[in-house]
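Examination of the molecular architecture
Each chain, written out:
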Amino acid sequence: MQDLATKFANLTIQSDFIFKKVMSRKRICKHLLEELLQIEIADINYIEAEKTLEPEYTSRGIRLDIIVADDKNTHYNLEMQVKNNKNPDTDTYVLPKRSRYYQALLDFDLLQTGQPYDLLPPTYIIFICIFDFFEQGNYVYTFKKRCLENLELELPDEATTMILNTKGTHGEISKDLKSFYDYVNNHIVTTDFTKQIDDEISYLKLDTKVRREYMLMEARLLDERREGIAEGKDIGFAEGKDVGLVEGEAIGIAKGKAMGVTNANTATAKRLLSMGFNVQDIAKATSLSLEQVEALKAE
């Protein structure tokens, strides 16, 4: 727990957890969008909040980070990308296909059953990357669909993908956006805007509820990883007798991870009970029912 407390104290805007919290502050998120797109936005609404959805930190690819809509019904999805990940099986970078998948998720969520396609609102998928994916030095890379036979001809589907490069050196961006890049890269406060962000992060770190939420999340993820690997190895060695040790361990790790999630939830719940967390918080953190947590408490 001490390690988690230290880790929480050292979190920066690059942390997915802190980024979500900071961008959940309307004045900050709204100003960042205005500076990026050089437009005025009267107001924004948080779509997830309107749906009363709880964040699912472990359901990768199912819940988008920050989704807001402005007063003109344009929808924005903001994501922080710290690592330029590759798929080890294909040796290809995942960011382009990730952007495609996120666009699909957003569109699927925005169009209700039976509604005509033309009701889909304008959308922006925005990745804030601390690396230069295209290695061209641009501050911003903006993508829309165009005709290969006539590059002046744009497909008017109103879907835009923007990949921000905080390490960029080329192009024109506003002073506040450049200061945001500097803050993301080096934690440097140079404008009132980045001071607002820095103050917000300081406030979040003093909030015991936020600290508890982070520690519950991390404890659950840690237990899932441990249980999955341990069970995977056990199953793998057993199955290795029939299909070969290396292949068997690979199969076992995959199966173990799936089985490990369930066992990890129970292990996490027991550990959090011993630390004095209440039943409601534990149920929320582990996806166990209140009855299951109460039963573990009674053991």
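Refer to the structure above for everything that follows.
Below, the structure is looked at part by part. Only a predicted model underlies this, so the values are computations on that prediction, with no experimental measurement involved. (Residues numbered from 1 in each chain as written. Predicted model: local features only at pLDDT ≥ 70, side-chain atom pairs only at ≥ 80, totals over all residues. Heavy atoms only, no water.)

**What to know about the overall build of the protein chain**
The helix and strand tally for the protein chain stands at 11 helices and 8 strands. Across the 299 residues that make up the protein chain, the buried fraction comes to 42%. Put simply, of all contacts in the protein chain between residues at least 6 apart along the chain, 59% involve residues at least 24 apart. Carbon and sulfur atoms form 52% of the exposed surface of the protein chain, whose accessible area is close to 17100 Å². (Helix = DSSP H or I, 4+ residues; strand = E, 2+ residues; numbered from the N terminus. Buried < 20%, exposed > 50% of the residue type's maximum accessible area, 1.4 Å probe, protein only. Contact = heavy atoms within 4.5 Å. Areas by Shrake-Rupley, 256 points an atom, 1.4 Å probe, with all protein chains shown as cover.)

**Some words on the layout of surface pockets**
Approximately 360 Å³ is the volume attributed to the second largest pocket. Lining the second largest pocket are 13 residues, with P96, S99, R100, F143 and T161 positioned closest to its centre. Among the elements of the structure, α5 (95–110) and β8 (159–165) are those that each provide at least two residues to the lining of the second largest pocket. In terms of residue count, α5 provides more of the lining of the second largest pocket than any other element does, 5 residues in total. Broken down by class, the residue content of the lining of the second largest pocket amounts to 6 nonpolar, 4 polar and 3 charged. (1 Å grid on protein atoms, 1.4 Å probe; cavity = no way out; pocket = protein on both sides within 12 Å on 5 of 7 lines; lining within 4 Å. Points joined across faces, edges and corners; volume = space filled by probe spheres on them. Nonpolar A, V, L, I, M, F, W, Y, C, P; charged D, E, K, R; others polar.)

**Some thoughts on the packing of aromatic side chains**
This model, assessed by the stated rule, comprises 10 aromatic pairs. Ring centres of Y93 and F133 lie 5.9 Å apart, and the angle between their planes is 80°; on these two criteria the pair is classed as edge-to-face. Separated by 40 residues along the polypeptide, Y93 in strand β5 (residues 92–93) and F133 in the loop between β6 (123–129) and β7 (140–143) bring together distant segments of the chain. What makes F133 buried here is its relative accessible area of 18%. (Phe/Tyr/Trp six-rings, centres within 6.5 Å; stacked < 30°, edge-to-face > 60°.)

**Some details on empty space enclosed by the protein**
Going through the model one piece at a time under the given rule, you end up with 1 cavity of 30 Å³ or more. Computed from the structure, the largest cavity encloses a volume of approximately 30 Å³. Every residue lining the largest cavity is listed: Q81, K83, N84, N85, V94, L95, R98 and F131.

**Some remarks on the pairing of strand β3 (residues 75–81)**
The element β3 is largely enclosed, with a buried count of 7 among its 7 residues. Burial along β3 is two-sided: the face carrying H75, N77, E79 and Q81 and the face carrying Y76, L78 and M80 are both buried. As paired elements, strand β2 (residues 66–70) and β3 share 4 bridges and run antiparallel to each other. Across the sheet, residue V68 finds its bridge partner in β3, namely Y76. Here β2 hands over to β3 after 4 residues, with N73 in that stretch at a positive phi of 70°. Looking at chain direction, β3 and β6 are connected through 7 bridges and run parallel. From the neighbouring strand, N77 faces β6, where its bridge partner is I125. (Pairing = 2+ DSSP bridges.)

**Section: the pattern of salt bridges**
For the structure shown, the criterion picks out 12 salt bridges. Note that K7 is salt-bridged to E218, the shortest N-O span being 3.0 Å. Here the residue K7 occupies a position in helix α1 (residues 2–9), and E218 occupies one in helix α8 (residues 208–243), the gap between them amounting to 211 residues. Between E213 and K21 there is a salt bridge; the shortest N-O distance is 2.8 Å. Note that E213 is positioned in helix α8 and K21 in helix α2 (residues 16–23), a separation of 192 residues in sequence. (Salt bridge = Lys/Arg side-chain N within 4 Å of Asp/Glu carboxyl O.)

**Considering the side chain of N165**
Within the secondary structure layout, N165 lies in strand β8. A polar contact is formed between the side chain of N165 and the backbone nitrogen of K167, at a distance of 3.0 Å. (Polar contact = N/O pair within 3.5 Å; in protein donor to acceptor, adjacent residues only side chain to side chain.)

On their own, these measurements won't tell you what the molecule is for.
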